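Tertiary structure, described
Okay, here's what each chain looks like letter by letter:
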Amino acid sequence: MIPMVDLKTQYRQIQAEIEQGLHQVLDDAHFILGPNVQAFEREAADYLGTKHAISCASGTDALHLALAAAGIGAGDEVITSPFTFIATAEAICYLGAKPVFVDIDPHTFNLDLNQVEAAITVNTRAILPVHLFGQPVDMPAVMKIAERHGLSVIEDCAQSFGATIEGRQTGAFGSAGCFSFFPSKNLGCFGDGGMVTTHSEALAEKVKVLRNHGSKRQYRHSVIGYNSRLDEIQAVVLRAKLKRISAYNEGRRAAAHLYTRLLTGLPGITPPAEDGKGIHVYHQYTLLTANRDTIMTGLRNAGISSAIYYPIPLHRQEVFAARYRDVSLPVCESVAQRCLSLPIYPELESGQIQTIVEVIKAHAAG
Ligand SMILES: *Cc1c(COP(=O)(O)O)cnc(C)c1O
């Protein structure tokens, strides 16, 4: 059996260190916003090269809090990708703002930056690029568009911890970067967790206040905030994994490059492309094929997991379908019908990759 992600093997490798940290938390009985959270925020900001990193309860909350702190509100439009997890658009909607979906590039699956400017209106306040599957969006180009039109940029880095472009980390370009520590993400904890990064003191201050009931000092509340904090248990896990994140991402890249080498030239299969501008950290390894159902069945019969990220573009989801009836995003709609994600994780062995490719070979032609 080869799973999509193998968290048990990773845990066994760092079990002693994590358990020691967890026992310390239990002994100290300081559970919320304690010393491990503080240390993790410092360590994460250092790794990512941002002035501030403010942890919170989830990646969804990170997006919500960052957009709120950037002043996004009712009636505002935020340009984003239709090919992403629903949370990207949910966070925009929480604030009464409107997601404006722009089609994707067929090779990187990220926002097609050539189409962004045509979508800007008098109501546009922000661009929310998603570094999908771990491939960084061309952020220098996004920042140029944003500067030309006076827009905020909020990066969805939920799948891209450690990805870089021009030597800078995702989450270090825009007004804010939003990370998720959901267990299966490149940097994951043992539950839900998230983080907002920023260079701006003012934005960091706002996120800190919003995540903790609108409060800077205990029992003084200046705005309506939220309960969205990271706990010490998760911070212990994240500190142990952050130390190893570069190696984890290297392992993912090595696995991806072996897949691509073995799959290149197979009829009916288009391996994922790197755009050559940044370092892709392969949160997912996602190829395109017209024979998706056959290949998935073949893999399942061989005890190999595979998954479809994402089967339905956001503008076609039930929750949005009526509002976006007149919107047509042909590249995204076509990719959603042909995309197939294969198992990928740092501990995936080359023998397993060869086995997976053999099964695909046997079923790719239909
Ligand atoms: C996982 C994910 C989120 C949400 O993160 P949670 O921690 O699950 O709330 C947002 N955007 C993208 C692209 C994601 O993959």
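The structure presented is a predicted model; accordingly, all values stated were derived computationally and were not measured.

Right, let's get into the environment of D293. Tracing the chain through its elements places D293 in helix α9 (residues 292–301). What makes D293 exposed here is its relative accessible area of 57%. Sequence spacing of D293 and L340 is 47 residues, and the spatial spacing of their C-alpha atoms is 9.4 Å.

This part is about the pairing of strand β2 (residues 77–80). Here β2 shows no split at all, with E77 and I79 on one side and V78 and T80 on the other all buried. For the crossover that starts at β2, traverses helix α4 (residues 87–94) and ends in the parallel strand β3 (residues 98–101), the hand is right-handed. Of the pairings in the sheet, the one linking β2 to strand β4 (residues 124–128) comprises 4 bridges and is parallel in character. Paired with E77 across the two strands is T124, which belongs to β4.

With that settled, the discussion passes to empty space enclosed by the protein. Under the criterion given, the structure shown has 3 cavities of 30 Å³ or more. If you add up the space inside the largest cavity, you get close to 80 Å³. Lining the largest cavity are 15 residues, with L7, Q10, K185, R252 and P346 positioned closest to its centre. For the lining of the largest cavity, the secondary structure elements donating two or more residues are α1 (7–28) and α8 (245–263). Residues belonging to the lining of the largest cavity are distributed by class as follows: 6 nonpolar, 4 polar and 5 charged. The space that makes up the second largest cavity amounts to roughly 50 Å³. If you trace the second largest cavity, you find it lined by H107, T108, F109, L132, F133, Q135, P272, A273, H280, Q284 and T286.

Another point: the sheet that holds strand β7 (residues 168–169). Strand pairing in a sheet takes place through backbone hydrogen bonds and is either antiparallel or parallel in direction. The strand order β7-β6-β13 describes an open sheet built from 3 strands, whose pairing is antiparallel. The two strands at the open ends of the sheet, each matched to only one other strand, are β7 and β13 (278–279). As judged from the 2 bridges shared by strand β6 (residues 164–165) and β7, these two strands associate in the antiparallel manner. Each residue of the ladder has a partner; that of I165, found in β7, is R168.

This next bit is on the site of the ligand. Every one of the 15 residues lining the ligand counts as a neighbour, but G59, T60, D156, S180 and K185 are closest to it. In the environment of the ligand, an oxygen atom lies 2.8 Å from a nitrogen or oxygen atom belonging to the side chain of Q159. At 2.6 Å, a side-chain N or O of S180 approaches an oxygen atom of the ligand. At the level of secondary structure, the elements contributing two or more residues to the shell around the ligand comprise α3 (59–69) and α4.

Glancing now at the side chain of S81. Within the secondary structure, S81 sits in the loop between β2 and α4. At a separation of 3.0 Å, a polar atom in the side chain of S81 contacts the main-chain amide nitrogen of F83. Setting aside anything within four residues of it in sequence, one finds S81 in contact with F101, V102, I104, L111, L128, V130 and L314.

Domain annotation of the protein chain identifies domain 1 (7–102 + 110–242) and domain 2 (245–363). Opposite the 37 residues of domain 1 that make contact, domain 2 presents 33 residues. Of the roughly 2,900 Å² buried where domain 1 meets domain 2, counting both sides, 61% is carbon and sulfur surface. Looking at the side of domain 1 facing domain 2, the largest losses of area belong to F83, F133 and N186, adding up to 24% of the total buried there. Where domain 1 touches domain 2, the interface holds 1 salt bridge.

Using the criterion set out here, one finds 12 salt bridges in the structure. Between R211 and E41 there is a salt bridge, with the nearest N and O atoms lying 2.8 Å from each other. Here R211 is found in helix α6 (residues 201–211), whereas its partner E41 is found in helix α2 (residues 35–48), with 170 residues between them in sequence. As far as the burial class goes, R211 and E41 line up, both buried. Residues R253 and E274 are paired through a salt bridge, measuring 4.0 Å at the closest nitrogen-oxygen approach. A residue pair is termed long-range when its members are at least 10 positions apart, and R253 in helix α8 and E274 in the loop between β12 (269–270) and β13 qualify at 21 residues.

Calculation rules
Here, residues in each chain are numbered from 1, in the same order as that chain's written sequence. At least 70 in pLDDT is required for a residue's local features to be given in this predicted model, at least 80 for side-chain atom pairs to be given and counted, and no such filter applies to totals for whole chains, interfaces and linings, which use all residues. The side-chain values count all of the structure's non-hydrogen atoms but skip hydrogen atoms and water molecules. Labels follow the DSSP assignment, with helices taken as runs of H or I lasting at least four residues and strands as runs of E lasting at least two, numbered in each case from the N terminus. Using a 1.4 Å probe on the protein chains alone, a residue whose accessible area is under 20% of its type maximum counts as buried, one over 50% counts as exposed, and one in between counts as partly exposed. When the strands point away from the viewer and the path from the first strand over the helix to the second turns clockwise, the crossover is right-handed. Only strands joined by at least two bridges in the DSSP assignment are considered to pair. Definitions used for this entry: grid spacing 1 Å over protein atoms alone; cavity, a set of points where a 1.4 Å probe fits but cannot get out; pocket, an open set with protein on both sides within 12 Å along at least 5 of 7 lines; lining residue, one with an atom within 4 Å of a point. Grid points are joined across faces, edges and corners, and a volume is the space filled by probe spheres set on the points. Lys, Arg, Asp and Glu make up the charged group, whereas Ala, Val, Leu, Ile, Met, Phe, Trp, Tyr, Cys and Pro make up the nonpolar group; the residues left over, Gly among them, are polar. What makes a residue near a molecule or strand is one non-hydrogen atom of that residue sitting within 4 Å of it. In the analysis that follows, any N or O atom pair within 3.5 Å is treated as a polar contact, provided that within protein one partner can donate a hydrogen and the other can accept it, and provided that, for residues neighboring in sequence, both atoms belong to side chains. Residues count as neighbours in contact if any of their non-hydrogen atoms are within 4.5 Å of one another. Domains are outlined according to an automatic or database domain assignment. Buried area adds together the accessible area that both of two parts lose upon being put together, with accessible area traced by a 1.4 Å probe. A pair is scored as a salt bridge if a Lys or Arg side-chain nitrogen falls within 4 Å of a carboxyl oxygen belonging to Asp or Glu.

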